[in-house]
Each structure stands twice: as C-alpha cells, then as structure tokens.
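Inside the fold
Letter by letter, the chains look like this.
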Amino acid sequence: MKFKWLPVVDADACTGCNKCVEACGPRSLTIIGGVATLDDPESCGSEEHCIEPCPENAILMAWLPWEGDEARGKWQASNALAQTW
Ligand code: SF4
C-alpha cells in the first residue's frame, strides 16, 4: 500500500467559497453540494496551495492510501509518519 499527501476537507467547516478550487493549479478540487471535494486525487501535486486561502481553516493534509502515478505529488510507503499541518 502506498500513501499520497492529499488535502482533506472538513465538510462541516467548509462554506463552499471556492477559494481553494481557484488556488489549485491542476483543479483537483471542485465544489460538490456546496462543499469543496477532492474529486481528482490523481492530478493533485501535493503542493498545498489550497490550504492558505481557506478562511475557515477547513483543509488539512494527510497521508491517504492511494494507488497512482508516483511522478505526481508526494508519496511514502506507509502512513506511520502521518502528520497534519
Ligand atoms: S477555501 Fe475552505 S471554505 Fe472555501 S471552499 Fe475551500 S475548503 Fe471550503
């Protein structure tokens, strides 16, 4: 199992303001049902550009299980060193 450094949205805190979507170059996030959603984890570059613009501090980063192209984003073999910002 591999783990990718990906954004996690707190749906209860998110207001759907779209600022994180606009900050994400590859457009990995989109607003679904009024909540920011990582609907394309494969395109995420783990660059964390979505974090700072959020006025609600509703996004954190986490090592999540994912199988995909390791040339894109940050990866590790386990989530033993799981961290949040
Ligand atoms: S910037 Fe924050 S509040 Fe705004 S849509 Fe993204 S996660 Fe939700």
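In case you missed it, the structure is sitting above this.
These lines cover the structure that appears in this document, whether it is placed above or below. Please read these numbers as outputs of a predicted model, since none were measured by experiment.

Structural notes on the pairing of strand β2 (residues 29-32)
- By the bridge criterion, four bridges tie β2 to strand β3 (residues 35-38) in an arrangement that is antiparallel. Its bridge partner lying in β3, Ile31 is registered against Ala36.
- The antiparallel hairpin formed by β2 and β3 contains two residues in its connecting segment, where Gly33 sits at a positive phi of about 60°.

Digging into the site of the ligand
- Near the ligand there are 14 residues, and of these Cys14, Cys17, Cys20, Ala36 and Cys54 occur at the shortest range.
- Considering only residue class, the shell around the ligand consists of nine nonpolar, three polar and two charged.

Details of the sheet that holds strand β4 (residues 59-65)
- Taken together, the three strands give an open sheet; going across it, the order is β4-β1-β5, and neighbouring strands pair in antiparallel fashion. Two strands in the sheet have a free side with no partner beyond their single neighbour: β4 and β5 (75-76).
- Inspection of the sheet shows strand β1 (residues 3-9) paired to β4 by seven bridges, in the antiparallel sense. Paired with Val9 across the strands is Ile59, a residue of β4.

A closer look at the environment of Asp39
- Relative to the elements of secondary structure, Asp39 occurs in the loop between β3 and β4.
- Once the C-alpha coordinates of Asp39 and Ala13 are considered, the two residues, 26 residues apart in sequence, prove to be 18 Å apart.
- Here Asp39 is in contact with Thr30 and Ile32, once residues within four sequence places are set aside.

What counts as what
Residues numbered from 1 in each chain as written. Predicted model: local features only at pLDDT ≥ 70, side-chain atom pairs only at ≥ 80, totals over all residues. Pairing = 2+ DSSP bridges. Helix = DSSP H or I, 4+ residues; strand = E, 2+ residues; numbered from the N terminus. Near = placed C-beta within 6 Å. Nonpolar A, V, L, I, M, F, W, Y, C, P; charged D, E, K, R; others polar. Contact = placed C-beta atoms within 7 Å.

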